[in-house]
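# Tertiary structure, described
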Amino acid sequence: MAELFAPWTAPGAIARPALQAGCGGPTGVAPIVQLHPTRLCNLACAHCYTASGPRATQQLPLELLCAVLDDAAALGYRQLAVSGGEPLLYDELPGLLRHARRLGLLTSLTSNGLLLSPGRWAAIAPLLDRLAISIDGREATHDALRGLAGARARTLRLLEQPRATGTPFGFIFTLTQHNVDELEDVVGLAAAHGAHSVQVHPLTLHGRARETLLDERPDGQELLAAIVEAQRLALTLQASSGVRVQVDALSQGQILAHRDRLVPTWPAPGLTALAPVLVLQSDGQVLPLTHELPPALWLGSVHELPLKALAARWLHSSASRRLVQALERTWHELAEGAQPAAYWYDEVAARVQQVGQVAPVPVPLLPARGLIARGPTLAQGRAAQA
């Protein structure tokens, strides 16, 4: 089995050879900031890790998001991945993508694909480097997860929009404990509809998924089966179709071989070293790596302080040190254990609670200059209008 390092561990990440040099961390791509500007969605999918839906009104104002991107770019993040909720329902999406482009960030968007109308697509197509569409198996499986008959068929019809503009797009396939046998169907579908890739992303038990799919998270055997199946499909289909198949999981051999990219040093030289994936939730909270980490390890809220200030405070805090300890413990236990494969970030989150309370690390006082708290206009902004 080829011991290639997984280049994606965040939905919508863009993996390109030009980005690989100097890119550390388990993503293997340039550091990525994942924004959730709204929890509003046209669906209420069973596997949604943000518990989004038609009745969710929480969202962030464009001014605040642009300020976050300014800081993220200065901190070394080079990709923007917009998710949700359904980002196509965020009215300010073109402005957000335009600002990211001005900063030189690569842009990607994750969507259920049901709202890819010609008008909506025309407004954002020139601003996107990649579109990621959720396709979660055969038609019956996909539609059942979304609670909407005909959902997959409609999404596939609307793919004519990105095809017409030549925008690269791929599928995101949510791997559960029981659907690895449907991966070949999705890869074949990708080839038939012009998708460039299929990203296999393990189910995250967060949000609504924790309530509806508690027993569906794939175990190590299922993750290994997905890795093997992806390699089989790559050998049999990639040459003819050009579809790249990537599983967001690591085999035990990969974990053993890449400790230097999985366990950073502390204190770290910058935020991207500890958090190559940075998540901004629709409530303004900033999280390193994954939604699964407990609030004690979050950076804080951009409603209270700018991202740069949150990063400076967090990098020298006991929270960042505790995260590195969890990363170290995760590596040792997976390297020495019997688990054949793992989704790295979920394993880290599971071990955070096991790491004992560390001695408090002095946090230097931050200068007042440039650290003005967000006022009520920005903090409430769009939410007040919803």
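These figures come from a predicted structure and were not determined experimentally. (Residues numbered from 1 in each chain as written. Predicted model: local features only at pLDDT ≥ 70, side-chain atom pairs only at ≥ 80, totals over all residues. Heavy atoms only, no water.)

### Remarks on the packing of helix H2 (residues 62-75) against helix H3 (residues 93-102)
Our working definition: Note on definitions: angles span 0 to 180 degrees between N-to-C directions of axes, and those axes are lines fitted to C-alpha atoms, for helices only across the stretch in contact. Segments assigned H or I by DSSP are reported as helices when at least four residues long, segments assigned E as strands when at least two residues long, and all are numbered from the N terminus. In these notes the angle categories are as follows: under 35 degrees is roughly parallel, over 145 is roughly antiparallel, 65 to 115 is roughly perpendicular, and the rest is oblique. A crossing counts as left-handed when the near helix is turned anticlockwise from the far one by less than a right angle, and as right-handed when that turn is clockwise. By definition in these notes, contact holds between two residues if any of their heavy atoms fall within 4.5 Å. When residues are grouped by polarity, Ala, Val, Leu, Ile, Met, Phe, Trp, Tyr, Cys and Pro land in nonpolar, Asp, Glu, Lys and Arg in charged, and all others, Gly among them, in polar.
At a minimum axis distance of 10 Å, the contact between H2 and H3 shows a crossing angle of 20°. One finds that H2 runs roughly parallel with respect to H3. The handedness of the crossing between H2 and H3 is right-handed. Of H3, the residues touching H2 (which contributes Leu62, Leu65, Cys66, Leu69 and Asp70) are Gly95, Leu96, His99 and Ala100. By residue class, the composition of the contact of H2 with H3 is six nonpolar, two polar and one charged.

### A short note on the pairing of strand S10 (residues 285-288)
The side chains of a regular strand alternate, residue by residue, between the two faces of the sheet. Threshold: By the convention used here, strands pair only if DSSP detects at least 2 bridges between them.
Where strand S9 (residues 277-280) and S10 come together, three bridges link them in antiparallel fashion. Within the sheet, the bridge partner assigned to Leu278 lies in S10 and is Pro288. Between S9 and S10, which pair antiparallel and follow one another directly, the connecting turn spans four residues, one of which, Gly284, has a positive phi of 95°.

### Focus: the side chain of Arg146
Filter applied, for reference: Burial classification: accessible surface area is computed with a 1.4 Å probe over protein chains only, and a residue below 20% of its type maximum counts as buried, one above 50% as exposed, and the rest as partly exposed.
In this fold, Arg146 is placed in helix H5 (residues 139-146). The class of Arg146 is buried, set by a relative accessible area of 5%. Not counting residues within four places of it along the chain, the set of residues in contact with Arg146 comprises Leu43, Cys45, His47, Ser134, Asp136 and Ala151.

### Considering empty space enclosed by the protein
What counts is decided by this rule: Whether a set of points on the 1 Å grid over the protein atoms alone is a cavity depends on a 1.4 Å probe fitting there but being unable to get out, while an open set qualifies as a pocket with protein on both sides within 12 Å along at least five of seven lines; lining residues are those with an atom within 4 Å of a point. Grid points are joined across faces, edges and corners, and a volume is the space filled by probe spheres set on the points.
Evaluation of the coordinates by the stated rule reveals two cavities of 30 Å³ or more. As a volume, the largest cavity reaches approximately 440 Å³. If you go around the largest cavity, you meet 26 residues; those closest to its centre are His47, Cys48, Tyr49, Thr110 and Ser134. Mapped by element, the contributors of at least two residues to the lining of the largest cavity are strand S3 (106-111), strand S5 (169-175) and strand S6 (197-202). Its residues assigned to classes, the lining of the largest cavity comprises ten nonpolar, 13 polar and three charged.

### Things to note about the state of the cysteines
Definition in use: A pair of sulfur atoms, both from cysteines and within 2.5 Å, is called a disulfide here.
Evaluation of the coordinates by the stated rule reveals zero disulfides. The structure places no disulfide on Cys41, whose sulfur is separated from the nearest cysteine sulfur, that of Cys45, by 5.9 Å. Taking relative accessible area as the criterion, Cys41 reaches 9% and is therefore assigned buried. Cysteine Cys48 remains unbridged, with the sulfur of Cys45 as its closest cysteine sulfur at 6.6 Å.

### Description of the environment of Gln161
Within the secondary structure, Gln161 sits in helix H7 (residues 160-165). For the pair formed by Gln161 and Ala122, sequence separation is 39 residues and the distance between their alpha carbons is 8.5 Å. Those residues in contact with Gln161 that lie beyond four places of it in its chain are Leu116, Ser117, Pro118 and Trp121.

### As for the pairing of strand S4 (residues 130-134)
For the record, the criterion: Looking down the strands as they point away from you, a crossover is right-handed if its path from the first strand over the helix to the second goes clockwise.
Along S4, five of the five residues are buried, which leaves the element largely enclosed by surrounding structure. The alternating pattern of S4 places Arg130, Ala132 and Ser134 on one face and Leu131 and Ile133 on the opposite face, and all of these are buried. Pairing of S3 with S4 involves four bridges; the strand directions are parallel. Looking at S4, one finds that Thr110 is bridged to Ala132. At this point the chain moves from S3, through helix H4 (residues 118-124), to the parallel S4, and the crossover so formed is right-handed. Pairing of S4 with S5 involves four bridges; the strand directions are parallel. In the strand pairing of S5, Ser134 is matched with Ile172.

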